[in-house]
Amino acid sequence: MASSTAPHLSSTMSLGNLTLRNRNIMSSLTRSRSFPDAVPNEYNVEYYTQRAKGGAGLILTEGTLVSQQGTEWPGACSNQRTDEWGGSPENRSKFGIEVTKALIDVWGPAQVGGKVNPCGGLRDMGMSYSDTIMTYTYFLTQISALKVAYITLIRHVHFLDPLIPGETELKRGTPHQVLALYGPVVKPLPHVLKAHSEEAYRGLAMPSSELGYLNPTPTRLSVNGGLTPREADQLIADGMIDGAVFESLWLVNPDYQKRLEKGMDIDGKGINQVLDFKTFYGVPGVDPRVGYTDYPTAT
Ligand SMILES: Cc1cc2nc3c(=O)[nH]c(=O)nc-3n(C[C@H](O)[C@H](O)[C@H](O)COP(=O)(O)O)c2cc1C
């Protein structure tokens, strides 16, 4: 049998009170195939079944509409808040922290996680470099102290930082090294862990030890954004991250993890990387399976 392309990525991991069979996580991906009423249907079942059978360690599902109005985006640029929800890093962080606390009240910290995109850029989101660092350092410190199951950091991704309409060069995002800057807020650096046991260090670093009985596992750190399986594997081997989150590679390879376990790689073309933007989102009247459940398996 061929050896795995990514043995560390393929190793088991505890997360909250779950044991995942591997660290290869499928990213949250809204595909808009639930026609006509936004209620999940047999095509959605087939799509997620394919990826579960294809070896995903954890599948982060897509956005669900609370109401049809939820599809309309208010102009964020015109939304300069001056109340308690905007302005300072503390105020900007407040909404996310309050939502996380409300979720923890219902589900407990072991079943709550979050994803942040500090580089921004999408839908006119963006802050100065110093505001960005202050806001996300504050936010992630607070969220980690709540002992959530996981936090995913998105690196700068070009398609999440599009050109401002009408401009040829301007983008709203703030590209910076998210893993180097915020990683240690969530997960102590490996050389620190060597000197202290994880539990002892985290007890000192985060005011979370009293929540330990609600979540037996330290908050897991994952990263997303243009990762290759080999890079993800190395980051896990180095102790920089616990898990890796992939979007495009799961979108076009329903059996992505199984391909890795068979020794396939993106360089050898065993793993598909070709995306069809036209079929990202479903369109009423078009067969919902096209570009959704019709990607072939290779294992
Ligand atoms: C079609 C499409 C839909 C997406 N929907 C969501 C979503 O609902 N929620 C979310 O957090 N990210 C969403 N994303 C972003 C991805 O989860 C991911 O963060 C990003 O594409 C980078 O992943 P990659 O570099 O591994 O491909 C979406 C991306 C695409 C292409």
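In this report, we go over the structure that sits alongside the text. (Residues numbered from 1 in each chain as written. Predicted model: local features only at pLDDT ≥ 70, side-chain atom pairs only at ≥ 80, totals over all residues.)

### Observations regarding the overall build of the protein
Item 1. Along its length, the protein carries 9 helices and 8 strands.
Item 2. A burial count over the protein gives 30% of its 299 residues as buried.
Item 3. In the protein, of all internal contacts separated by at least 6 residues, the share reaching a separation of at least 24 is 73%. (Helix = DSSP H or I, 4+ residues; strand = E, 2+ residues; numbered from the N terminus. Buried ≥ 20, exposed ≤ 12 C-beta atoms within 10 Å, placed from the backbone. Contact = placed C-beta atoms within 7 Å.)

### Observations regarding the pairing of strand β6 (residues 150-154)
Item 1. When you tally the buried positions in β6, you get 5 out of 5 residues, the bulk of the element.
Item 2. Judged by which residues are buried, β6 turns out to be covered on both faces: Y150, T152 and I154 on one side and I151 and L153 on the other are all buried.
Item 3. Here strand β5 (residues 113-116) pairs with β6 via 4 bridges, running parallel. Across the sheet, G114 pairs through a bridge with I151, a residue of β6.
Item 4. Read from β5 through helix α3 (residues 129-145) to β6, the crossover connection turns out right-handed. (Pairing = 2+ DSSP bridges. Right-handed = clockwise from strand over helix to strand, strands pointing away.)

### Some thoughts on the environment of L15
Item 1. Secondary-structure assignment places L15 in strand β1 (residues 13-15).
Item 2. When the 24 C-beta atoms within 10 Å are taken as the criterion, L15 is described as buried.
Item 3. When the C-alpha atoms of L15 and A149 are compared, they prove to be 5.9 Å apart, with 134 residues separating the residues in sequence.
Item 4. Once residues within four sequence positions are removed from consideration, L15 is found in contact with L20, L58, A149, Y150, T217 and R220.

### Observations regarding the sheet that holds β5
Item 1. If you trace the 6 strands from one edge of the open sheet to the other, you get β4-β3-β8-β7-β6-β5, paired in parallel fashion. In this open sheet, the two strands that pair with only one neighbour each are β4 (58-59) and β5.
Item 2. Direction of pairing for β6 relative to strand β7 (residues 220-224): parallel, over a ladder of 5 bridges. Looking at β7, one finds that I151 is bridged to L221.

### Overview of the site of the ligand
Item 1. Among the 17 residues in the neighbourhood of the ligand, the closest are listed as S27, T30, E247, S248 and F280.
Item 2. Across the shell around the ligand, the residue classes tally to 6 nonpolar, 8 polar and 3 charged. (Near = placed C-beta within 6 Å. Nonpolar A, V, L, I, M, F, W, Y, C, P; charged D, E, K, R; others polar.)

### Some details on unusual backbone geometry
Item 1. Along the chain, F35 connects to P36 via a cis peptide bond; the corresponding omega equals 0 degrees.
Item 2. Structurally, P36 can be placed in the loop between β3 (24-26) and α1 (42-53).
Item 3. The backbone phi angle of A38 is positive, close to 65 degrees, even though this residue is not glycine.
Item 4. One non-glycine residue, K147, adopts positive backbone phi at about 60 degrees.
Item 5. Counting through the fold element by element, K147 comes out in the loop between α3 and β6.

### Remarks on the packing of helix α2 (residues 89-107) against α3
Item 1. At a minimum axis distance of 9 Å, the contact between α2 and α3 shows a crossing angle of 30 degrees. Relative to α3, α2 is oriented roughly parallel. Between α2 and α3 lies a crossing whose hand is right-handed. Every residue of α3 that contacts α2 at P89, E90, R92, S93, G96, I97 and T100 is listed here: M134, T135, Y138, F139, Q142 and I143.
Item 2. For the contact of α2 with α3, a count of residues per class yields 6 nonpolar, 5 polar and 2 charged. (Axes fitted to C-alpha atoms, helices over the stretch in contact; angles between N-to-C directions. Parallel < 35°, antiparallel > 145°, perpendicular 65-115°, else oblique. Left-handed = near helix turned anticlockwise from the far one by under 90°.)

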